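# Survey of secondary and tertiary structure
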Amino acid sequence: MDMVGGRVVLDKQPFYDHFKELNKRIIQSLILILFFSVLAYLNYSNLYEVLVDPLKKAGFSTSDLLSFSLYEGFQVKITNTVFLGILISLPFIIFIIGNFFIPAFEKLSKSKFVLYLILFLLFFYLGIFSAYKTFPFAIEFFLSFNDSSFLLRTQSYFQLLFRICLLIGLTFQLPLFIAFLISREVIKTSLFTSNRREVFVLILILSAIITPTGDPLTLFIFAIPLYLLIELAIYIQIKRNKN
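Scope of this entry: the structure provided in the associated data block. (Residues numbered from 1 in each chain as written. Predicted model: local features only at pLDDT ≥ 70, side-chain atom pairs only at ≥ 80, totals over all residues. Heavy atoms only, no water.)

## What to know about the overall build of the protein chain
Summing up its helical and strand segments, the protein chain has 10 helices and four strands in all. Scanning the protein chain from its N terminus toward the C terminus, one meets helices and strands in the order β-β-α-α-α-β-α-α-β-α-α-α-α-α. Expressed as a percentage of its 243 residues, the buried residues of the protein chain come to 38%. For the protein chain, the share of sequence-separated contacts (at least 6 apart) that also reach a separation of at least 24 residues comes to 77%. With the model as given, the accessible surface of the protein chain reaches about 14,800 Å², and the carbon-plus-sulfur share is 68%. (Helix = DSSP H or I, 4+ residues; strand = E, 2+ residues; numbered from the N terminus. Buried < 20%, exposed > 50% of the residue type's maximum accessible area, 1.4 Å probe, protein only. Contact = heavy atoms within 4.5 Å. Areas by Shrake-Rupley, 256 points an atom, 1.4 Å probe, with all protein chains shown as cover.)

Shown next, in the form of structure tokens:
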């Protein structure tokens, strides 16, 4: 596989061989997900306590979570274990699948690929950690709109937790995306260095949209690390350009 004129071009190997190789890597990834999902299932009682900890910090208990159907408890358990399996196996999956596409990019060496992988995972898990720590505030914020009694459904709680964690984890890829655009000379570092106040305001606006709470504490807990990561990405690109 090669990159010519911005297009991916297969090398001398037949297309079917590439398809077989990709299929093999996908199967390996699915096996990893299954393996870690089984481990999560076997240790579900401990992991469950971690998942409901934000609920407890918001002033509730596990007895407040209700199932609305006979099979909902089983469904939630399977969904949670699969999600945790994917979350744990993600570094291995990206490495396995990513290695298939490395030959398509002439300037992307294995060392650079590993560096991008480490940064991606670092920012992604940092985003998830930030979301997890601020989730009790999100619970209080959403419940503040209830003027009457309510039922806290088990499935809804875990769906909201996972969605917010994924959303903020992906949003924390913004510094890496900016660094990539700068390295490809799509945008210039001066765009950020000359407009730092504007960039910080935009980060605050983005944080206000993404974070489900309206309190300043949660807003800055999300905005400041994201802004610092962007500054770090710009600093690294400036140092690389000087060298």
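## What to know about the pattern of salt bridges
Here the structure, examined in full by the defined rule, presents six salt bridges. As a salt-bridge pair, K24 and E21 come within 3.5 Å of each other at their nearest N and O atoms. Linking K24 with E21, this pair stays in helix α1 (residues 15–42), spanning three residues, or about one helical turn. A residue is classified by how much of its surface remains accessible, and K24, at 43% relative accessible area, is partly exposed. K56 is the salt-bridge partner of E49, the closest N and O atoms lying 2.7 Å from each other. (Salt bridge = Lys/Arg side-chain N within 4 Å of Asp/Glu carboxyl O.)

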